[in-house]
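Geometric and topological summary
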Amino acid sequence: MVSLMGMGNPLLDISADVGQDILDKYDVKMDNAILAEEKHVPIYKELVDNYSPQYIAGGATQNSIRVAQWIMTANGKTGETAYMGCVGTDGYGKQLEDCAAEDGVKVHYMKDESTPTGTCAVLVKGGERSLIANLAAANNFKPSHLETAESKAIYESASVYYIAGFFLTVSVDSLKIVAEHALANNKTFCLNLSAPFIIDFFGDQVATALEYADYLFCNESEAAAYGKKHGLGEDLKEVALKIAASPKKNSARPRTVIFTQGSSSTIVACNGKVEEYAVEPLPKEQLVDTNGAGDAFVGGFLAGLLGKKEVGSCVEAGHWAARFIIQQSGCTLSKACEYKL
């Protein structure tokens, strides 16, 4: 059975290069991720009608699991990963399932016949991206799906779990079922803070999930938002140390906190120590877009964990995966992985 299980919001990315006019019209900022409000609803049709968008399998957690499996496959380990989330019974849902399966991920979706599969508008400008997620069916994941025989077989066989913070708006109860299983069996639970709005508006849910986290990932804007909300200061190394030292349910291992900072060094805090890992810069002309970069980093890191590598090697695998993905449109695995763990 599988070693790594992810659970999250499966979304089909509708990705297009846009001008500042669209960003202004829908009041969105670059390098941010938000949930669609009423005012954002027309953007999906506008992209389809006017921008010849690309349709790319997305959803933060699913991206990370696909990347992890892509790397594991290149290292002789097929069928190591599984993913759960909720989709509709429509073409978009089938596209997501086919894409994940093609990348070697065992997909066990909950299917909602009454709601369409979720989508995410990916607005690309100058290589940076802004995300507007319309969760639709993804918002309807229920703990009951984890009671099915297939779900139990998956999560009971896995040794590492990964859930992005975006899922905290959907089903904290489902997260707790998986996290409690990890805790009871001394397995590894990984969490991502995902976006500033999660930290700012879903603070209680974050606090609940964080206590289970053996590994916590986020980028510099999320780290800054967390530091600000919790009065931890502006020095991100200090913020990382304080999160690493915050209450934790599984005392058998310390928490490791990983902050990515784009092309700046990645910060890793654990056991009262902070280390920085430099990122090899990518020439600007090779950058396609940053959509999926953070997800790919996590995928590389998780592949390192599954390969029983030290944290430094896990970070290196993450950097390599992110560097590959930002040279593609979205989280597209266009060729065989060349990275050896």
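Up top you'll find the structure we're talking about.
Below, the structure is looked at part by part. The model shown is predicted, which means the values in this text are computed figures rather than measured ones. (Residues numbered from 1 in each chain as written. Predicted model: local features only at pLDDT ≥ 70, side-chain atom pairs only at ≥ 80, totals over all residues. Heavy atoms only, no water.)

1. Overview of the overall build of the protein
The criterion, for reference: In this text, helices come from DSSP runs of H or I with a minimum length of four residues, and strands from runs of E with a minimum of two, each type numbered from the N-terminal end. Atoms counted for the radius of gyration: C-alpha only. Globule rule: 2.2 Å times residue count to the power 0.38. When a residue's accessible area, from a 1.4 Å probe over protein chains only, is under 20% of the maximum for its type it is buried; when over 50% it is exposed; and in between it is partly exposed. Here, Shrake-Rupley sampling with a 1.4 Å probe gives the accessible areas, and only protein chains in the shown set may cover a residue. Neither His nor the chain ends contribute to the count of charged residues, in which Lys and Arg are positive and Asp and Glu negative. Taken as the charge location is NZ of Lys, CZ of Arg, CG of Asp or CD of Glu.
When its secondary structure is counted, the protein shows 12 helices and 16 strands. Taking 341 residues into account, the globule formula puts the C-alpha radius of gyration at 20 Å, and the protein, at 18 Å, falls close to it. A principal-axis box enclosing the C-alpha atoms of the protein has dimensions of 55 × 45 × 40 Å. Looking at the protein residue by residue over its 341 residues, the buried ones come to 57%. Accessible surface, the protein: about 13900 Å² in total, of which carbon and sulfur atoms supply 48%. Charge separation in the protein, taken as the distance between the mean sites of 30 positive and 42 negative side-chain charges, equals 5 Å.

2. Considerations on the side chain of arginine 129
Put simply, the rule is: We count a salt bridge whenever a side-chain nitrogen from Lys or Arg sits within 4 Å of a carboxyl oxygen from Asp or Glu. As used in this structure description, the phrase polar contact means that two N or O atoms lie within 3.5 Å; if the pair is within protein, one of them must be able to donate a hydrogen and the other to accept it, and residues adjacent in sequence are counted only when both atoms belong to side chains.
Turning to its location among the elements, arginine 129 is positioned in strand 10 (residues 128-134). Summary of buried charges: arginine 129 has no salt-bridge partner, and the nearest side chain of opposite charge, aspartate 31, is 4.1 Å away. Of the polar contacts made by the side chain of arginine 129, one reaches the backbone oxygen of asparagine 32; its length is 3.2 Å.

3. Quick look at the packing of helix 9 (residues 220-229) against helix 10 (residues 236-244)
Applicable threshold: Helix axes are fitted only over the stretch in contact, all axes being lines through C-alpha atoms; the angle between N-to-C directions runs from 0 to 180 degrees. Any angle between 65 and 115 degrees counts as roughly perpendicular, while under 35 counts as roughly parallel, over 145 as roughly antiparallel, and the rest as oblique. Should the near helix be turned counterclockwise from the far one by less than a right angle, the crossing is left-handed, whereas a clockwise turn marks it as right-handed. Two residues form a contact once any of their heavy atoms are found within 4.5 Å.
Two elements in contact, helix 9 and helix 10, have axes separated by 10 Å at closest approach and are oriented at 70°. On the basis of the axis angle, helix 9 is roughly perpendicular to helix 10. Classified by chirality, the crossing of helix 10 by helix 9 is left-handed. Contacts between helix 9 and helix 10 involve Glu220, Ala223, Ala224, Tyr226 and Gly227 on the former and, on the latter, Leu236, Val239 and Ile243.

4. Observations regarding helix 11 (residues 293-306)
This is how it is decided: Take the residue count of a helix, subtract one, and multiply by 1.5 Å to get its expected span.
Between its terminal C-alpha atoms helix 11 stretches 20 Å, which fits the 20 Å expected from 14 residues at 1.5 Å a residue. Among the 14 residues in helix 11, 13 count as buried, and that is most of the element. Just downstream of helix 11 lies lysine 308, where phi reads positive at about 60°.

5. As for the packing of helix 11 against helix 12 (residues 311-325)
Filter applied, for reference: Residue polarity is assigned by list, with Asp, Glu, Lys and Arg as charged and Ala, Val, Leu, Ile, Met, Phe, Trp, Tyr, Cys and Pro as nonpolar; anything else, Gly included, falls into the polar class.
Direction vectors running N to C along helix 11 and helix 12 enclose 145°, while the axes themselves pass 7 Å from each other. In the crossing of helix 11 with helix 12, the sense of the turn from one axis to the other is right-handed. Residues Ala293, Ala296, Phe297, Gly300, Phe301, Gly304 and Leu305 of helix 11 lie in contact with helix 12, whose contacting residues are Val311, Cys314, Val315, Ala317, Gly318, His319, Ala321, Ala322 and Ile325. Grouping the constituent residues of the contact of helix 11 with helix 12 by class yields 12 nonpolar, 4 polar and no charged.

6. Focus on the environment of alanine 182
Examined against the element boundaries, alanine 182 turns out to sit in helix 6 (residues 172-184). Distance in space between the C-alpha atoms of alanine 182 and tyrosine 155 is 8.9 Å, their sequence separation being 27 residues. With residues near it in sequence (within four places) discarded, alanine 182 still touches Tyr161, Lys187 and Phe189.

7. Regarding the pattern of salt bridges
Overall, the coordinates contain 12 salt bridges when judged by the stated rule. Residues arginine 323 and glutamate 280 are paired through a salt bridge, measuring 3.6 Å at the closest nitrogen-oxygen approach. One end of the pair, arginine 323, is in helix 12; the other, glutamate 280, is in the loop between strand 16 (273-277) and helix 11, and 43 residues separate them in sequence. The network of salt bridges with shared partners includes Asp214, Lys248 and Arg253.

8. Describing empty space enclosed by the protein
Empty space among the atoms becomes apparent when a probe as large as a water molecule is rolled across them. Worth spelling out the cut-off: Using a grid of 1 Å spacing that covers the protein atoms alone, one calls a set of points a cavity when a 1.4 Å probe fits there but cannot get out, and a pocket when the set is open and has protein on both sides within 12 Å along at least five of seven lines; lining residues are those with an atom within 4 Å of a point. Grid points are joined across faces, edges and corners, and a volume is the space filled by probe spheres set on the points.
In total, this model carries 1 cavity of 30 Å³ or more according to the counting rule given. In this model, the largest cavity occupies a volume close to 50 Å³. Ranked by residue count, the leading element in the lining of the largest cavity is helix 6, at 3 residues. Classifying every residue of the lining of the largest cavity by side-chain character gives 5 nonpolar, 1 polar and 4 charged.

9. Describing the environment of isoleucine 258
Structurally, isoleucine 258 is set in strand 14 (residues 256-261). Setting aside its immediate chain neighbours within four residues, isoleucine 258 contacts Tyr215, Leu216, Phe217, Cys218, Thr266, Ile267, Val268, Phe297 and Phe301.

10. Focus: the sheet that holds strand 7 (residues 106-107)
The cut-off we apply is this: DSSP calls a pair of strands paired once it identifies at least 2 bridges connecting them.
Here 9 strands make up an open sheet; going across it, the order is 7-5-1-11-12-13-14-15-16 and the pairing mixed. Single-partner strands in this sheet number two, and they are strand 7 and strand 16. Bridge analysis of strand 14 against strand 15 (residues 264-270) gives 4 bridges, and the strand direction is antiparallel. Bridge pairing in strand 15 links isoleucine 258 to valine 268.

11. Points about unusual backbone geometry
For serine 194, which is not glycine, the phi torsion reads 75° and is therefore positive. Inspection of the secondary structure puts serine 194 in the loop between strand 12 (188-192) and helix 7 (196-201). By relative accessible area, which is 11% here, serine 194 ends up buried. The residue lysine 308 is not glycine, and still its phi comes out positive at about 60°. Structurally, the position occupied by lysine 308 is in the loop between helix 11 and helix 12.

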